[in-house]
Amino acid sequence: MEDQEMQLKVRRVTDKFTESMYVLANEPSVALYRLQEHVRRSLPELVQHKTDMQSWEEQSQGAIYTVEYACSAVKSMTNSSMYFKNIDSLLRQAITMKEQISNSQGRSLHDVTPSPSPLVSAPHAPSTSS
């Protein structure tokens, strides 16, 4: 009887040991399976987020370039104010000269008296030679 009891105890220990080994052997694969399952479910969403972020980055880079270009244009316009002042003074001088030329032409037309045309002869006085 003792022999049977001993066999029963050995059998239980070996069964428990086998069960423990089976759980230990399969536990990492179960964890990896769960991890794979999680990745399979979440990966498409992550890929979509990545493409969205890349698109937003491209758009923001374009906007940054536009703003930098606009800033440089404004700076160059600020630096060109002396050229605009020069153009303004030259335009004022040109307008003044045009007015002077117009005024001098207007005076010269009024000052000139019409001269008789050489083709039209003036009436001759009667001659007194006889």
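Note: the structure precedes this text.
Conventions adopted
- Residues numbered from 1 in each chain as written.
- Predicted model: local features only at pLDDT ≥ 70, side-chain atom pairs only at ≥ 80, totals over all residues.
- Heavy atoms only, no water.
- Helix = DSSP H or I, 4+ residues; strand = E, 2+ residues; numbered from the N terminus.
- Buried < 20%, exposed > 50% of the residue type's maximum accessible area, 1.4 Å probe, protein only.
- Areas by Shrake-Rupley, 256 points an atom, 1.4 Å probe, with all protein chains shown as cover.
- Patch = residues over 30% accessible without salt bridge, like charges linked within 9 Å, V, L, I, M, F, W, Y side chains within 5 Å.
- Salt bridge = Lys/Arg side-chain N within 4 Å of Asp/Glu carboxyl O.
- Phe/Tyr/Trp six-rings, centres within 6.5 Å; stacked < 30°, edge-to-face > 60°.
- Expected span 1.5 Å × (residues − 1).
- Bend = angle between axes of the 7 residues up to and from the residue.

1. Description of the overall build of the protein
And step 1. Helix and strand counts for the protein stand at two helices and zero strands.
And step 2. The buried share among the 130 residues of the protein stands at 2%.
And step 3. For the protein, the accessible area works out to roughly 12,800 Å², and carbon and sulfur atoms hold 63% of it.

2. Things to note about a nonpolar patch on the surface
And step 1. Together, Leu 32, Leu 35, Val 39, Leu 43, Leu 46 and Val 47 make up an exposed nonpolar region whose accessible area comes to about 550 Å².
And step 2. Structurally, the position occupied by Val 47 is in helix H1 (residues 2–79).

3. Some details on the pattern of salt bridges
And step 1. Under the defined criterion, the tally for this structure stands at three salt bridges.
And step 2. Here Glu 37 makes a salt bridge to Arg 41, at a shortest N to O gap of 3.6 Å. Taken as a pair, Glu 37 and Arg 41 lie in helix H1 at a separation of four residues, close to a single helical turn.
And step 3. Among the salt bridges present, the one from Arg 92 reaches Asp 88, with a minimum N-O distance of 3.2 Å. With Arg 92 and Asp 88 both in helix H2 (residues 81–111) and four residues apart, this pair spans about one turn of that helix.
And step 4. Residue Arg 92 is classed as exposed on the basis of its relative accessible area of 53%.
And step 5. Since its relative accessible area comes to 35%, Asp 88 is described here as partly exposed.

4. Considerations on the packing of aromatic side chains
And step 1. Scanning all chains against the criterion turns up one aromatic pair.
And step 2. Their ring planes at 20° and their centres at 6.4 Å tell us that Tyr 65 and Tyr 69 sit as a pair that is stacked. Taken as a pair, Tyr 65 and Tyr 69 lie in helix H1 at a separation of four residues, close to a single helical turn.
And step 3. In this structure Tyr 65 comes out as exposed when scored by relative accessible area, which is 55%.
And step 4. Among the residues examined, Tyr 69 registers a relative accessible area of 56% and is labelled exposed.

5. With respect to H1
And step 1. For H1, which comprises 78 residues, the first-to-last C-alpha distance of 109 Å matches the rise-based estimate of 116 Å (1.5 Å per residue) to within 8%.
And step 2. In H1, a bend of some 40° at Ser 42 exceeds every other bend along the element, and Pro 44, a proline, comes one to four places later.

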